[in-house]
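Reading the structure
Okay, here's what each chain looks like letter by letter:
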Amino acid sequence: MATKSKRASLVETAVLAPLDWIDERTLAVTGTKWFLFRRVPRDISWAQTLGSATLTAFIVQTLTGVILAMYYRPDPDSAYASIEHITNDLTLGWLVRGMHRWGASVFVILLFMHMGRVFLFGAYKYPRELTWITGVLLLVTGMLMGFTGYLLPWDQTAYWATVVGINLNGTAPFAGPWLAQFLASGPEIGADALAKWYALHMLVLPGAIIALIFVHIYLVTRLGVVSPPWSREAAGRETSTVAPAGARTGLVRGTSGGQE
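Residues numbered from 1 in each chain as written. Predicted model: local features only at pLDDT ≥ 70, side-chain atom pairs only at ≥ 80, totals over all residues. Heavy atoms only, no water.

1. Comments concerning helix α1 (residues 6-26)
Rule in force here: Counting from the N terminus, the helices are the DSSP runs of H or I reaching at least four residues and the strands are the DSSP runs of E reaching at least two. For a helix, the expected span equals 1.5 Å multiplied by the residue count minus one. Note on bend: the value at a residue is the angle between axes fitted to the seven residues ending there and to the seven starting there.
Taking 1.5 Å per residue as the helical rise, α1 with its 21 residues ought to reach 30 Å, and the 30 Å between its terminal C-alpha atoms agrees with that figure. In the structure, α1 departs most strongly from a straight axis at Leu16, where the bend amounts to approximately 30 degrees and where the proline Pro18 lies between one and four residues downstream. Downstream of α1 by a residue or two, Leu27 has a phi angle that is positive, lying close to 60 degrees.

As structure tokens, this is what we get:
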């Protein structure tokens, strides 16, 4: 086997030394290896990628939402004008707004498809009940994200659709009138309601979704992926655990003793 040149060895050391320094203190590299190279059933299909697709849609929503928040004004007198400014005046503003607007529907649709796949595959059963519960909470918070964001353009469609939504919530027993009062911030929707919905849409609900996503992903990686119902094998195929002789330990190599 050809030996590495001195320059290649120096470059490798310069690149890997910071990773080793970080991993020694945080186990970031080890944790990444555990996440990326865990065992999964060998007969999984594209159906199992719906969760990753939903996560990707949320990331797109987060990035486009941050860009929109830099130019949006949560004030009844200037909210609609700021939306028009984003759409018509900013470079690619129409694209960012369109991605955020239609991406919200894509996010919710993918959530439903992912949960439908989980239900049909029986992945909600023992010991994955908590994973299912966090998924249900993600669905609820995701729909609330869409509901709170609908008012922000502050046009006629958004205003009256929000009025209908608040009135529907107001018909709920016991907590309905209080909930309607909280959402409307008074007898009718005004400046306080717009600011409140903006805070819910930009701070409260995204924080809750991010926390739930971390818990959900941890549970998925901790408990593993479920094989399809038609699978003849309950577990995935065995993977090689022996590292090449003389290989360096790290993200894609074995640990000490030649075992992963």
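2. Observations concerning the pattern of salt bridges
Our working definition: The rule for a salt bridge is simple: a side-chain nitrogen of Lys or Arg has to be within 4 Å of a carboxyl oxygen of Asp or Glu. Under the scheme applied here, a residue whose accessible area is under 20% of the maximum for its type counts as buried, over 50% as exposed, and between as partly exposed, the area being computed with a 1.4 Å probe on protein chains only.
Enumeration according to the criterion identifies one salt bridge in this entry. Its salt-bridge partner being Glu24, residue Arg25 comes within 3.6 Å of it at the nearest N-O pair. Assessed through its relative accessible area of 65%, Glu24 is described here as exposed.

3. Re the side chain of Arg117
So the rule is basically this: The criterion used for residue contact is that any of the two residues' heavy atoms lie within 4.5 Å.
For Arg117, the position within the fold is in helix α5 (residues 93-120). Beyond its immediate stretch of four places on either side in the chain, Arg117 contacts Ala47, Gln48 and Leu50.

4. Thoughts on the environment of Ile166
Note on placement: Ile166 falls in helix α7 (residues 156-170). Overall, Ile166 belongs to the buried group, its relative accessible area being 4%. Measuring from C-alpha to C-alpha, the distance between Ile166 and Ile189 comes to 9.6 Å, with 23 residues separating the pair along the chain.

5. Digging into the nonpolar core
Note the cut-off: Residues grouped as a nonpolar core are buried Ala, Val, Leu, Ile, Met, Phe, Trp, Tyr and Cys residues, joined through side-chain atoms within 4.5 Å.
Within the largest apolar cluster, 17 residues are counted, with the highest numbers of intra-cluster contacts made by Tyr72, Leu151, Trp154, Ile166, Ile189, Leu194 and Trp197. Elements represented by at least two residues in this core include exactly α4 (79-88), α7, α8 (176-184) and α9 (191-223). Broken down by element, the residue count for this core peaks at four residues, all from α9. Apart from residues no more than four positions distant in its own chain, Tyr72 is found in contact with Ala79, Ser82, Ile83, Ile86, Leu152, Leu194 and Tyr198. The next biggest cluster of nonpolar side chains, apart from the first, holds 14 residues, and it includes Leu50, Leu139, Ile209 and Ile213.

6. Concerning the confidence of the model for the protein chain
To keep things clear, this is the line we draw: The predictor's confidence in any single residue is recorded as pLDDT, a number from 0 to 100.
A residue-level look at the protein chain finds 88% of positions with pLDDT of 70 or above and a mean pLDDT of 87. Mean pLDDT in the protein chain bottoms out at helix α2 (residues 28-36), which sits at 85, and peaks at helix α3 (residues 50-69), which reaches 97. Here residues 235-241 is modelled with pLDDT under 50, and outside its nearest four sequence neighbours on either side it reaches 14 contacts, counting other chains as well. Scored below 50 in pLDDT, residues 252-260 makes 23 contacts in the model with residues more than four places away or belonging to other chains.

7. Notes on the packing of aromatic side chains
Each aromatic ring pair is described using two quantities: the centre-to-centre distance and the angle formed by the ring planes. In plain terms, the rule: Aromatic rings from Phe, Tyr and Trp, taking only the six-membered ring of Trp, are treated as a pair when their centres fall within 6.5 Å; an angle between ring planes under 30 degrees marks them as stacked, one over 60 as edge-to-face, and anything in between as tilted. In this analysis the charged atom, NZ for Lys or CZ for Arg, is taken to sit over a ring once it is within 6 Å of the ring centre and within 35 degrees of the ring normal.
In this structure the tally under the stated criterion is nine aromatic pairs. Centroid distance Phe121 to Trp230: 5.6 Å. Interplanar angle 80 degrees. Geometry classified as edge-to-face. Placement of the pair is Phe121 in the loop between α5 and α6 (129-149) and Trp230 in the segment after α9, with a sequence separation of 109 residues. Among the residues examined, Trp230 registers a relative accessible area of 62% and is labelled exposed. Linked through ring pairs, Phe119, Tyr124 and Trp132 together constitute an aromatic cluster. For the cation-ring pair, Arg38 lies above Phe35, with the distance from its terminal atom to the ring centre recorded as 5.0 Å. The ring of Phe182 has Lys196 lying over it, and the distance from NZ or CZ to the ring centre is 4.2 Å.

8. Describing unusual backbone geometry
Going from Tyr126 to Pro127, the amide bond is cis rather than trans, its omega being 5 degrees. Structurally, the position occupied by Pro127 is in the loop between α5 and α6. Despite not being glycine, Leu27 shows a phi value in the positive range, around 60 degrees. With respect to the helices and strands, the residue Leu27 is situated in the loop between α1 and α2. A positive phi angle, near 55 degrees, is found at Ser185, a position not held by glycine. Within the secondary structure, Ser185 sits in the loop between α8 and α9. In this structure Ser185 comes out as partly exposed when scored by relative accessible area, which is 26%.

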